[in-house]
Amino acid sequence: QVCKDDFLHALEHDIKPAFGASAEALEHFLARGIITWGPSVSGILEDGTLLTQQARVADTFGLVSVLIEGPPNSGKTALAAKLAKDSDFPFVKVCSPEDMVGFTETAKCLQIRKSTVDDRLIFAFRGGIGRRAPMQTTRLSSTILIMDRIFDDAYRSQLSCILVDNIERLLDYGSIGPRYSNLTLQALLVLLKKQPPKGKKLLVLCTSSRKQVLEEMEMLSAFTAVLHVPNLSQPEELITVLEQFDLFTKQDIHKIYNQISGHKVFIGIKKLLALIDMARQTDPKVRVIKFLTKMEEEGCLDLGTMIH
Ligand code: ATP
Ligand code: MG
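These figures come from a predicted structure and were not determined experimentally.

1. Examining the overall build of the chain
What the chain contains, in helices and strands, is 15 helices and 7 strands. Residues classed as buried in the chain amount to 49% of the 308 residues present. When contacts within the chain are restricted to residue pairs at least 6 apart in sequence, those whose partners lie at least 24 apart make up 82%. Approximately 15,500 Å² of the chain is accessible, and the part contributed by carbon and sulfur atoms is 52%.

2. Focus on the pairing of strand S4 (residues 201-208)
As a general feature of sheets, a regular strand has side chains that alternate between the two faces. A large share of S4 lies buried, amounting to 8 of its 8 residues. Both faces of S4 are covered, namely the face carrying Lys201, Leu203, Leu205 and Thr207 and the face carrying Leu202, Val204, Cys206 and Ser208. Pairing of strand S1 (residues 63-69) with S4 involves 7 bridges; the strand directions are parallel. Bridge assignment links Ile68 to a residue of S4, and that residue is Thr207. Bridging between strand S3 (residues 159-164) and S4 involves 6 bridges; their strand directions are parallel. The partner of Val164 across the bridge, within S4, is Cys206.

3. Here we look at the packing of aromatic side chains
This model, assessed by the stated rule, comprises 2 aromatic pairs. Ring geometry for Phe151 against Tyr155: centres 6.3 Å apart, planes inclined by 65°, an arrangement best described as edge-to-face. Pair noted here: Phe151 and Tyr155 are both in helix H8 (residues 142-156), with a separation of 4 residues, about one helical turn. Residue classification places Phe151 among the buried positions, given a relative accessible area of 1%. Ring geometry for Phe248 and Phe291: centres 5.4 Å apart, planes at 65°, overall edge-to-face. On the criterion of sequence distance, the pair formed by Phe248 in the loop between helix H12 (235-242) and helix H13 (250-260) and Phe291 in helix H15 (residues 287-297) is long-range, its members being 43 residues apart.

4. As for the sheet that holds strand S2 (residues 91-95)
Spatially, 5 strands are ordered S2-S3-S4-S1-S5 in an open sheet, and the strand pairing comes out parallel. Looking at which strands have only one partner, the edges of the open sheet turn out to be S2 and strand S5 (225-228). Ignoring which end each strand starts from, the neighbouring axes of this sheet average 15° apart. Taken strand by strand, helix H3 (residues 22-29) contacts S2 and S3, and its axis lies near 65° from that of S2.

5. As for the environment of Asp302
Secondary-structure assignment places Asp302 in strand S7 (residues 301-306). For the pair Asp302 and Val265, spaced 37 residues apart in the sequence, the C-alpha separation amounts to 6.7 Å.

6. Structural notes on the confidence of the model for the chain
A low pLDDT means the predicted coordinates there should not be read in detail. Averaged over all residues, the pLDDT of the chain equals 81, while 73% of them reach at least 70. This stretch, residues 102-140, has a pLDDT under 50; its non-local contacts, to residues over four places away or in other chains, come to 64 contacts. Overall fold confidence (pTM) sits at 0.84, and the ipTM for the predicted complex is 0.99.

7. What to know about the nonpolar core
Grouped burial of nonpolar side chains is what soluble globular proteins tend to show. Of all hydrophobic cores here, the largest spans 52 residues; its most connected members are Leu238, Ile256 and Phe291. Sort the elements by how many residues they give to this core and helix H14 (residues 269-280) lands first, with 6 residues. Leaving out residues up to four positions away in the same chain, Phe291 has contacts with Leu238, Leu242, Phe248, Ile256, Leu272, Leu275, Ile276 and Ala279. Within the second largest apolar cluster, 30 residues are counted, among which are Leu63, Tyr155, Leu171 and Leu185.

8. Remarks on the site of ligand 1
Around ligand 1, a shell composed of 19 residues is seen, among which Gly33, Ile35, Lys76, Thr77 and Lys270 lie nearest. In the environment of ligand 1, an oxygen atom lies 2.7 Å from a nitrogen or oxygen atom belonging to the side chain of Thr77. Protein chains bury 87% of the 630 Å² of accessible surface belonging to ligand 1 in isolation. Going through the elements one at a time, helix H5 (76-87) and H14 are the ones with two or more residues in the shell around ligand 1. Of all the elements, H5 adds the most residues to the shell around ligand 1, at 4 residues. For the shell around ligand 1, the residue count by class is 10 nonpolar, 6 polar and 3 charged.

9. Describing unusual backbone geometry
Backbone phi values are negative for most residues with the exception of glycine, while trans is the configuration of most peptide bonds. In this structure, Asn73 takes a positive phi of about 75° despite not being glycine. Assignment of secondary structure puts Asn73 in the loop between S1 and H5. With relative accessibility at 29%, the residue Asn73 sits in the partly exposed group. Of note in the backbone geometry, Glu218 takes a positive phi value of approximately 55° without being a glycine.

The rules behind each value
Residues numbered from 1 in each chain as written. Chains lettered and ligands numbered in written order. Predicted model: local features only at pLDDT ≥ 70, side-chain atom pairs only at ≥ 80, totals over all residues. Heavy atoms only, no water. Helix = DSSP H or I, 4+ residues; strand = E, 2+ residues; numbered from the N terminus. Buried < 20%, exposed > 50% of the residue type's maximum accessible area, 1.4 Å probe, protein only. Contact = heavy atoms within 4.5 Å. Areas by Shrake-Rupley, 256 points an atom, 1.4 Å probe, with all protein chains shown as cover. Pairing = 2+ DSSP bridges. Phe/Tyr/Trp six-rings, centres within 6.5 Å; stacked < 30°, edge-to-face > 60°. Axes fitted to C-alpha atoms, helices over the stretch in contact; angles between N-to-C directions. pLDDT = per-residue confidence, 0-100. Core = buried A, V, L, I, M, F, W, Y, C linked by side-chain atoms within 4.5 Å. Near = heavy atom within 4 Å. Polar contact = N/O pair within 3.5 Å; in protein donor to acceptor, adjacent residues only side chain to side chain. Nonpolar A, V, L, I, M, F, W, Y, C, P; charged D, E, K, R; others polar.

Okay, structure coming up:
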């Protein structure tokens, strides 16, 4: 029979490797750097920096939580990692659904009696929502236990930063129908709103490409601030990125600009970098045409439509 102790043992021993590597995780997210392709990038970094400073200041609340949202591939995770890294907080934890995969599989099989985990679960219901879990046997979400552990650890440090990547996926939110774990949602809401112990400072950075979903879950109001990460939408912005690489010659870039000028561009920085990687593999003679064709195919460029 599996009991709470087994679960906590697993939490201690199996989950550590995944969570021990937060510094490496930040570096990994930032491996390709941050290109300032337009004023929105500097704007996000400025606002974000102000918020991290706010989290540091002694005479404000001990909690600052920021949602960094935008379309898929727009660069949310890298910007969150940049803010986490530059915050220079001694305790940084990265928490992404991927980290939980292996663990969740085991934990999913665990039927834990609610009473046996009362002390660990109670945090979720003590805070602000004033609702209690049913007393009967509950299939306890492993995500709650893991998040509880991460926040617990964070509260022990003077200045801590938690990066929750793709927060909607923690809620098991599937794109097929509005199905998500309400228990996990309630617990996350409590964690996002709960003040750390006196004297402790906590900065929570979350990313999501499903702002609408979070809005429907009434989660948006839990954040101190929401920062929007846009896609590149101006031909000039695209050119700024291309100029960072030695991939295209000056003439090539000129050719590309002439082609796309006045047309609709809409591409996330992550996708653009992938297309640049792809172009690098092609013969320099056909690189420009290949790049533009790929942009069109992927729906990131509409050469048929003129904009003014
Ligand atoms: P997903 O929707 O899949 O979660 P994402 O929006 O989180 O994607 P990232 O994983 O952050 O996107 O990928 C952005 C990539 O672009 C990273 O490799 C990052 O280093 C690079 N990058 C370059 N310039 C910027 C920028 N201005 N903002 C964000 N990322 C940038
Ligand atoms: Mg991401």
